[in-house]
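Single-letter residue listing:
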Amino acid sequence: HVKRGGETQTRAHVVDPTAGMAEDTASEIPVKGIKMDEVEKHSSIDDLWLVIDGKVYDVTPFMDDHPGGGEIMLSAAGKDGTQDFEDVGHSPHARTLLQKYYLDEFAG
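About the thresholds
Residues numbered from 1 in each chain as written. Predicted model: local features only at pLDDT ≥ 70, side-chain atom pairs only at ≥ 80, totals over all residues. Heavy atoms only, no water. Helix = DSSP H or I, 4+ residues; strand = E, 2+ residues; numbered from the N terminus. Polar contact = N/O pair within 3.5 Å; in protein donor to acceptor, adjacent residues only side chain to side chain. Pairing = 2+ DSSP bridges. Buried < 20%, exposed > 50% of the residue type's maximum accessible area, 1.4 Å probe, protein only. Contact = heavy atoms within 4.5 Å. Salt bridge = Lys/Arg side-chain N within 4 Å of Asp/Glu carboxyl O. Phe/Tyr/Trp six-rings, centres within 6.5 Å; stacked < 30°, edge-to-face > 60°.

Q: Hey, could you run me through the side chain of His 66 in this one?
A: In this structure, His 66 sits in the loop between β5 (55–58) and α2 (70–74). Within the local environment of His 66, its side chain forms a polar contact with the backbone nitrogen of Gly 68, the two atoms lying 3.0 Å apart.

Q: Hey, could you run me through the sheet that holds strand β3 (residues 43–44) in this one?
A: Remark on secondary structure: sheet strands pair via backbone hydrogen bonds, oriented parallel or antiparallel. Read from one edge of the open sheet, four strands run β3-β4-β5-β6, paired in antiparallel fashion. Looking at which strands have only one partner, the edges of the open sheet turn out to be β3 and β6 (102–105). By the bridge criterion, two bridges tie β3 to strand β4 (residues 47–52) in an arrangement that is antiparallel. Its bridge partner lying in β4, Ser 43 is registered against Leu 48.

Q: What is the right way to look at the pairing of β5 in this model?
A: For a regular strand, the rule is simple: side chains alternate between the two faces of the sheet. With four bridges connecting them, β4 and β5 associate as antiparallel partners. Each bridged residue has a counterpart across the sheet, and for Val 51 the counterpart in β5 is Val 56. Turn length for the β4-β5 hairpin, with the two strands adjacent in sequence and antiparallel, is two residues, and the turn residue Asp 53 shows positive phi of about 55 degrees.

Q: When you look at the side chain of His 42 in this model, what are you seeing that I'm missing?
A: For His 42, the position within the fold is in the loop between α1 (36–39) and β3. For His 42, a relative accessible area of 12% translates into the label buried. Other than its neighbours up to four places away in sequence, His 42 contacts Asp 47, Leu 48 and Trp 49.

Q: Would you take a moment to explain the pattern of salt bridges for this structure?
A: A side chain of one charge can pair with a side chain of the opposite charge when the charged atoms of the two come close. Summed over the entire model, instances satisfying the criterion amount to four salt bridges. Among the salt bridges present, the one from Glu 105 reaches Lys 55, with a minimum N-O distance of 3.6 Å. Of this pair, Glu 105 sits in strand β6 while Lys 55 is found in strand β5, placing the two residues 50 residues apart along the sequence. Judged by its relative accessible area of 34%, Glu 105 falls in the partly exposed class. Across the salt bridge formed by Glu 86 and Arg 95, the nearest N and O atoms sit 2.9 Å from each other. With a relative accessible area of 30%, Arg 95 lands in the partly exposed category.

Q: Help me out: how do you make sense of the packing of aromatic side chains in this one?
A: For any two aromatic rings, the description comes down to two numbers: the centre-to-centre distance and the angle of the planes. Overall, the coordinates contain two aromatic pairs when judged by the stated rule. Between Phe 62 and Tyr 101, the ring centres sit 5.8 Å apart and the planes meet at 40 degrees, which makes this aromatic pair tilted. Placement of Phe 62 in the loop between β5 and α2 and of Tyr 101 in the loop between α4 (92–98) and β6 is noted, with a sequence separation of 39 residues between them. The same class applies to Phe 62 and to Tyr 101, which are both buried.

Following this line, the structure appears as structure tokens:
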């Protein structure tokens, strides 16, 4: 309260709702899914993750069983391998089998 000439006036105290917040709050929101930089860390014959149709798969256990040989899957390592997968013309059984190795959605 402030007294002026016998009158009492009330001043509103305004609180800044953004006080103390980081300027870029978007960076604090966790990203769902697996980003490409993480997929790229798994690009060897002993540790291989593939991105196919917006999903990430750890196909390491399948390397020895892949009909075309595990090495062929290495050509899709560290990138979106959807086109490579589609170009081969995989069977419905292969698509079902792939689900067994699902890790998470691809976050780009």
